[in-house]
Amino acid sequence: KFAPAFNQSVYTMQIASIAQPGEPLATVQATDMDPAGPDCIVSYKLAAVQQNSSYFTIATNSGVFTLSQPLPDGVINSISFIVIGRELRWLQPYC
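Right, let's walk through the structure included here. (Residues numbered from 1 in each chain as written. Predicted model: local features only at pLDDT ≥ 70, side-chain atom pairs only at ≥ 80, totals over all residues. Heavy atoms only, no water.)

### Considerations on the sheet that holds strand 7 (residues 64-67)
Link 1 in the chain: As summarised here, the arrangement of the three strands in space is 3-7-6, forming an open sheet in which the pairing is antiparallel. Unpaired on one side and paired on the other, strand 3 (24-27) and strand 6 (56-58) mark the two borders of the sheet. Between one strand and the next, the sheet's axes are offset by a mean angle of 20°, whatever the strand orientation.
Link 2 in the chain: Examined bridge by bridge, strand 6 and strand 7 share three bridges and lie antiparallel to one another. (Pairing = 2+ DSSP bridges. Helix = DSSP H or I, 4+ residues; strand = E, 2+ residues; numbered from the N terminus. Axes fitted to C-alpha atoms, helices over the stretch in contact; angles between N-to-C directions.)

### Notes on the packing of aromatic side chains
Link 1 in the chain: All told, the structure shown has four aromatic pairs when counted by the stated rule.
Link 2 in the chain: Pairing Phe6 with Tyr44 gives two aromatic rings, centres 6.1 Å apart and planes at 65°, and the pair type is edge-to-face. With Phe6 in strand 1 (residues 5-6) and Tyr44 in strand 5 (residues 42-49), the pair connects residues that are 38 residues apart, well separated along the chain. Residues Phe6 and Tyr44 agree in their burial class; the two are buried. (Phe/Tyr/Trp six-rings, centres within 6.5 Å; stacked < 30°, edge-to-face > 60°. Buried < 20%, exposed > 50% of the residue type's maximum accessible area, 1.4 Å probe, protein only.)

### Let's talk about the environment of Ser80
Link 1 in the chain: Take Ser80: it is sitting in strand 8 (residues 78-87).
Link 2 in the chain: A residue is classified by how much of its surface remains accessible, and Ser80, at 18% relative accessible area, is buried.
Link 3 in the chain: Along the sequence, Ser80 and Gln14 sit 66 residues apart, while their C-alpha atoms lie 9.1 Å from each other.

### Notes on the nonpolar core
Link 1 in the chain: Ranked by internal contacts, the top residues of the largest apolar core, which has 19 residues, are Val28, Tyr44, Phe56, Ile79 and Phe81.
Link 2 in the chain: Counting residues per element, the ones that place at least two in this core are strand 2 (11-14), strand 5, strand 6, strand 7 and strand 8. (Core = buried A, V, L, I, M, F, W, Y, C linked by side-chain atoms within 4.5 Å.)

Below you can see the structure in the form of C-alpha cells.
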C-alpha cells in the first residue's frame, strides 16, 4: 500500500583515504508505513553513484554502504549516491 521513503534523495559523504574494503561508510534507511509483514520490509539497491561505482556496494537487507575494493590514491575523496528501496514482495516498484 505504501512505498518505502527515504529522508533524502541523494546521499553525499567524504571518504577517508585510509578507508578499507568492507568498511561501512554509511547506513541508509527507508521507512515504510505498511503494517507488519512482507510489505514493510525494505530491500536496498544502489541506483546511481557519482563516480567509480565499482568501488562501492550496499547491503540489500540493511542499507549499509561499504567500500568493495581499495581506492586508488587521490582518485576519490567524496561520493554522491542514490539508493532505491523496494518492499520485500516483488510487486511493488522501486521508489
